[in-house]
Amino acid sequence: MTVFEVPGAALSTELSDEGGYPVVQLHGLTSSRARDRVLDLDLGRGLSGTRLLRYDARGHGRSTGRAVPEDYVWTNLADDLLRLLDHRFPGERVYGVGTSMGSGTLMHAAVREPDRFAGLTILLPPTAWGTRIAQAEQYLRNAELIETEGEGAFLAANREVPRPPAAVGHPETLPEVAEANLPAVFRGAAASDLPEPSQLTTITAPTRILAWADDPSHPLSTAEGLANLFPHASLVVARDAEEVGRWPGMLQRDVARVAR
């Protein structure tokens, strides 16, 4: 594990270097690279023969962060990603993999520097555009609840939210964010959205979109909208955990195709 300094934070990173094609993997909101492994969302776990870079976003996991909402908006997280790629893979095109918030970060970075990415895997794209308003309001309520009643009250309320069928069977996990920073993290997410649709049409890299059903925080409407916007996109929807288990193999094939 190594630390990479960015303005206002120190990112905890790890590189699995097997000398092959460069790949970067990003996790979701309140998660971390370690938590993604527990939730079977670490698609890179079977990715051999690559230089796989994983890192915890600022304020998440083993990375440091401040209680400043602006630090956690996705455009700022995209700044962190591009700085890290300049450091680790200077001058190289990379394959990007991002889950939820991580996919938003990845899309903002790809809109800004489309030639940087040779391929993308967009995993569980979050609410966007029209559906983002209600989700943002929920994030603001989360922040207020944590500030007034503590993280325990937030966790208790979150247990009442049904899990999508494809996520059933995994152990309960706690947010990988310090309680003092959680309100700021949620407020940063509330102030974020995916890039404008017209911007996404400029991303010509082959893009795999992986979604699952019955998850209001990651609705199929976003996945389907993205599939119609990206010039070279394919959409796969999982209905159960067995189908989610096929996703790492898809990533392996997609990276190998780009590497050739």
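Residues numbered from 1 in each chain as written. Predicted model: local features only at pLDDT ≥ 70, side-chain atom pairs only at ≥ 80, totals over all residues. Heavy atoms only, no water.

S.K.: Give a description of the overall build of the protein chain that names residues and reports values.
M.R.: A tally of helices and strands in the protein chain yields ten helices and eight strands. Taking 18 Å as the expected radius of gyration for a compact globule of 260 residues, we find that the protein chain reaches 17 Å, a close match to that expectation. Viewed in the frame of its principal axes, the protein chain has a C-alpha envelope of about 55 × 40 × 35 Å. When each of the 260 residues of the protein chain is scored for burial, the buried share is 55%. Sequence separation of 24 or more characterises 79% of the internal contacts of the protein chain that already satisfy a separation of 6 or more. (Helix = DSSP H or I, 4+ residues; strand = E, 2+ residues; numbered from the N terminus. Rg over C-alpha atoms; globule rule 2.2 N^0.38 Å. Buried < 20%, exposed > 50% of the residue type's maximum accessible area, 1.4 Å probe, protein only. Contact = heavy atoms within 4.5 Å.)

S.K.: Quick one: what's the story with the packing of aromatic side chains, residue by residue and with numbers?
M.R.: All chains considered together, the criterion is met by three aromatic pairs. On the numbers, 5.4 Å between centres and 65 degrees between planes, the contact of Phe-154 with Phe-186 is edge-to-face. Separated by 32 residues along the polypeptide, Phe-154 in helix 5 (residues 151-158) and Phe-186 in helix 6 (residues 182-190) bring together distant segments of the chain. Assessed through its relative accessible area of 7%, Phe-154 is described here as buried. Taken together, Tyr-139, Phe-154 and Phe-186 form an aromatic cluster joined through their ring pairs. (Phe/Tyr/Trp six-rings, centres within 6.5 Å; stacked < 30°, edge-to-face > 60°.)

S.K.: Which residues make up the packing of helix 4 (residues 132-149) against helix 5, and what are the values?
M.R.: Closest axis-to-axis distance for the helix 4/helix 5 pair is 6 Å, and the angle between their directions is 135 degrees. Our classification of the angle between helix 4 and helix 5 gives oblique. Contact residues: Asn-142, Leu-145, Ile-146 and Glu-149 in helix 4; Glu-151, Ala-153, Phe-154 and Ala-157 in helix 5. Residue composition of the contact of helix 4 with helix 5, by class: five nonpolar, one polar and two charged. (Axes fitted to C-alpha atoms, helices over the stretch in contact; angles between N-to-C directions. Parallel < 35°, antiparallel > 145°, perpendicular 65-115°, else oblique. Nonpolar A, V, L, I, M, F, W, Y, C, P; charged D, E, K, R; others polar.)

S.K.: Can you break down the pattern of salt bridges residue by residue, with the values?
M.R.: If you walk through the whole model with that rule in mind, you get 18 salt bridges. Ionic pairing is found between Glu-92 and Arg-51, a salt bridge with its closest N-O pair at 2.8 Å. In this pair, Glu-92 is assigned in the loop between helix 2 (74-88) and strand 5 (94-99) and Arg-51 in strand 4 (residues 50-55), connecting sequence segments 41 residues apart. The class of Glu-92 is partly exposed, set by a relative accessible area of 28%. According to the relative accessible area criterion, Arg-51 is buried, its value standing at 17%. Taking the shortest distance from any N to any O, the salt bridge between Arg-159 and Glu-172 comes out at 2.7 Å. In this pair, Arg-159 sits in the loop between helix 5 and helix 6 while Glu-172 sits in the loop between helix 5 and helix 6, placing the two residues 13 residues apart along the sequence. The class for Arg-159 is partly exposed, based on a relative accessible area of 49%. Shared partners join several salt bridges into a network, and the residues in it are Glu-14, Arg-33, Arg-37, Asp-42, Arg-54 and Asp-56. (Salt bridge = Lys/Arg side-chain N within 4 Å of Asp/Glu carboxyl O.)

S.K.: Tell me about the nonpolar core, and please be specific about residues and values.
M.R.: Residues Leu-81 and Phe-117 are the most contacted members of the largest nonpolar core, which totals 53 residues. If you look at the next biggest cluster of nonpolar residues, it comprises 22 residues, including Tyr-21, Leu-47, Leu-123 and Trp-247. (Core = buried A, V, L, I, M, F, W, Y, C linked by side-chain atoms within 4.5 Å.)

S.K.: Tell me about helix 3 (residues 101-112), residues and numbers included.
M.R.: Taking 1.5 Å of rise per residue, twelve residues should cover 16 Å, and helix 3 covers 17 Å from first to last C-alpha, within 8% of that figure. Buried residues dominate helix 3, accounting for eleven of its twelve residues. When we look at burial in helix 3, the residues that qualify are Met-101, Gly-102, Ser-103, Gly-104, Thr-105, Leu-106, Met-107, His-108, Ala-109, Ala-110 and Val-111. In this fold, the buried residues of helix 3 make contact with strand 3 (21-26), helix 2, strand 5, strand 6 (117-123), helix 7 (197-200) and helix 8 (220-229). (Expected span 1.5 Å × (residues − 1).)

S.K.: Break down unusual backbone geometry for me, with residues and values.
M.R.: Here the phi dihedral of Asp-40 falls at roughly 60 degrees; this positive angle occurs in a residue that is not glycine. Mapped onto the elements, Asp-40 comes out in the loop between helix 1 (33-38) and strand 4. Residue class for Asp-40 comes out partly exposed when judged on its relative accessible area of 35%. Positive phi is not limited to glycine here, since Trp-129 has a value of about 55 degrees. Its location among the elements puts Trp-129 in the loop between strand 6 and helix 4.

S.K.: Could you give an account of the sheet that holds strand 4, with specific residues and numbers?
M.R.: Strand order in the open sheet formed by eight strands is 1-2-4-3-5-6-7-8, with mixed pairing between adjacent strands. Both outer strands of the open sheet, strand 1 (2-6) and strand 8 (233-238), are each paired with one neighbouring strand and no more. Sheet twist, expressed as the average angle between the axes of neighbouring strands with direction ignored, equals 20 degrees. Running at roughly 150 degrees to strand 6, helix 3 makes contact with strand 3, strand 5 and strand 6 of the sheet. Along the sheet face, helix 8 touches strand 6, strand 7 (207-212) and strand 8 and points at about 165 degrees away from the line of strand 7. (Pairing = 2+ DSSP bridges.)

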